[in-house]
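# Understanding the architecture of this molecule
If you want the building blocks of each chain, they are given just below.
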Amino acid sequence: MAKKTKQDNPNIVKLWSTTLLSKRFAHYQKVNPALLELFYQHRDREQRSPEQAYASRDDLLSRYPLHKELNELADYISESIVEVAREANRGLWREDEKVRVTISGLWFQISNGHSFHEMHVHGNASWSGVYYLRAADSSRSATDVKGQQPNGVTRFYGPHVEHMAGGFGDYGNLYLHDNSWDSFPQDGKLCVFPAHIKHMPFPYVGEEDRVILSFHAQVFNSSGSQKYDYGFNN
Ligand SMILES: [Fe+2]
């Protein structure tokens with residue numbers, strides 16, 4: 001029998017956790033160089049200044065439909081979306097239900113010179129994600145940061161952040177300060193998160209560019225239905 005801990009207090013109800021996935025692609029050492037070559041060629045065709053932050057359009061899958069490494073990574077992303085969505089929907093999806101993922105947008109970003117994006121969410125999708133093609137000089141861990149502003153991390157914000165501005169703060173709601181989580185870039189690391197979660201790529205500066213792939217996706221069930229009926233009791 002499991003030892004009873006303070007967390008087992010039967011009077012306590014804890015609600016609404018957030019489910020994300022974070023793991024490393026086993027084939028990143030083969031796939032990443034091929035994609036970096038493709039993406040720099042793509043950017044250079046537009047003759048942008050190398051010092052500028054660059055974000056491609058989100059149609060890479062239809063632009064390069066036969067690119068071997070891009071398709072390999074897209075397949076891995078789709079499998080990973082199913083993995084995290086199945087966990088988040090445990091008890092709601094039928095056991096072993098087959099689902100289909102449509103990656104509705106996929107694009108890359110090259111950052112340097114303290115470039116960043118403001119806090120945002122992704123619309124018209126249930127899951128989104130970031131894949132780090134080249135972490136370069138990004139902060140690698142919380143101890144790496146040591147009280148400084150992190151370099152190039154992806155920060156996610158939980159619902160408590162809504163109550164920080166102008167809210168009442170005392171020792172009783174200290175937990176409200178635990179309102180963010182950082183994904184530290186690492187070559188080949190994939191992070192899949194609910195599309196509605198607020199997030200922000202922190203400013204990045206380094207010897208080499210930070211290069212990431214971003215995506216958002218929709219998930220369909222076995223009957224091809226994307227949307228659920230109102231009411232889960234049917
Ligand atoms: Fe984003």
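Let us look at the overall build of the protein chain. Tallying secondary structure elements over the protein chain gives four helices and nine strands in all. When each of the 234 residues of the protein chain is scored for burial, the buried share is 42%. Intrachain contacts of the protein chain at a sequence separation of at least 6 include 84% that bridge at least 24 residues. For the protein chain, the exposed surface amounts to about 14,700 Å²; the carbon and sulfur share of it is 51%.

Taking 1.5 Å per residue as the helical rise, helix H3 (residues 68-88) with its 21 residues ought to reach 30 Å, and the 30 Å between its terminal C-alpha atoms agrees with that figure. When we look at burial in H3, the residues that qualify are Glu-69, Leu-70, Leu-73, Ala-74, Tyr-76, Ile-77, Ser-78, Ser-80, Ile-81, Val-82, Val-84 and Ala-85.

Taken N-terminus to C-terminus, the directions of helix H1 (residues 28-45) and H3 make an angle of 120°; their axes are 9 Å apart at the nearest point. Considered as vectors, H1 and H3 are oriented oblique to each other. As for the relative orientation of H1 and H3, their crossing is left-handed in sense. Taking contact as the criterion, the partners of Lys-30, Val-31, Ala-34, Leu-35 and Phe-39 in H1 are, on H3, Lys-68, Glu-69, Leu-70, Glu-72 and Leu-73. Residues of the contact of H1 with H3, tallied by class, amount to six nonpolar, no polar and four charged.

A few words now on the coordination of the iron ion. Looking at the iron ion, one finds its protein donor set to be His-120 (NE2), His-122 (NE2) and His-199 (NE2), positioned 2.1 Å from the metal centre. Look at where the donors of the iron ion fall in the sequence and you get H-x1-H-x76-H. Placement of the pair is His-120 in the loop between strand E3 (100-111) and strand E4 (127-134) and His-199 in strand E8 (residues 198-201), with a sequence separation of 79 residues.

This part takes up H1. With 18 residues, H1 should reach 26 Å at 1.5 Å per residue; the first-to-last C-alpha distance of 25 Å fits that figure. Just beyond H1, the residue with positive phi is Gln-47, at close to 55°.

Attention now moves to the sheet that holds E3. Here six strands make up an open sheet; going across it, the order is E1-E7-E4-E9-E3-E2 and the pairing antiparallel. On the outer flanks of this sheet lie strand E1 (21-24) and strand E2 (54-55), each paired with one strand and no other. Bridging between E2 and E3 involves two bridges; their strand directions are antiparallel. By the bridge assignment, Ala-55 is partnered in E3 with Gln-109. Strands E1, E2, E3, E4 and strand E9 (210-220) of the sheet are contacted by H1, whose axis makes an angle of about 90° with E4. Contacts between H3 and the sheet are confined to E1, E3, E4, strand E7 (189-194) and E9, with E3 contributing the most and set at about 120° to the helix.

Definitions and cut-offs
Residues numbered from 1 in each chain as written. Predicted model: local features only at pLDDT ≥ 70, side-chain atom pairs only at ≥ 80, totals over all residues. Heavy atoms only, no water. Helix = DSSP H or I, 4+ residues; strand = E, 2+ residues; numbered from the N terminus. Buried < 20%, exposed > 50% of the residue type's maximum accessible area, 1.4 Å probe, protein only. Contact = heavy atoms within 4.5 Å. Areas by Shrake-Rupley, 256 points an atom, 1.4 Å probe, with all protein chains shown as cover. Expected span 1.5 Å × (residues − 1). Axes fitted to C-alpha atoms, helices over the stretch in contact; angles between N-to-C directions. Parallel < 35°, antiparallel > 145°, perpendicular 65-115°, else oblique. Left-handed = near helix turned anticlockwise from the far one by under 90°. Nonpolar A, V, L, I, M, F, W, Y, C, P; charged D, E, K, R; others polar. Donors = N, O, S within 2.8 Å, 3.2 Å for Na, K, Ca; no water. Pairing = 2+ DSSP bridges.

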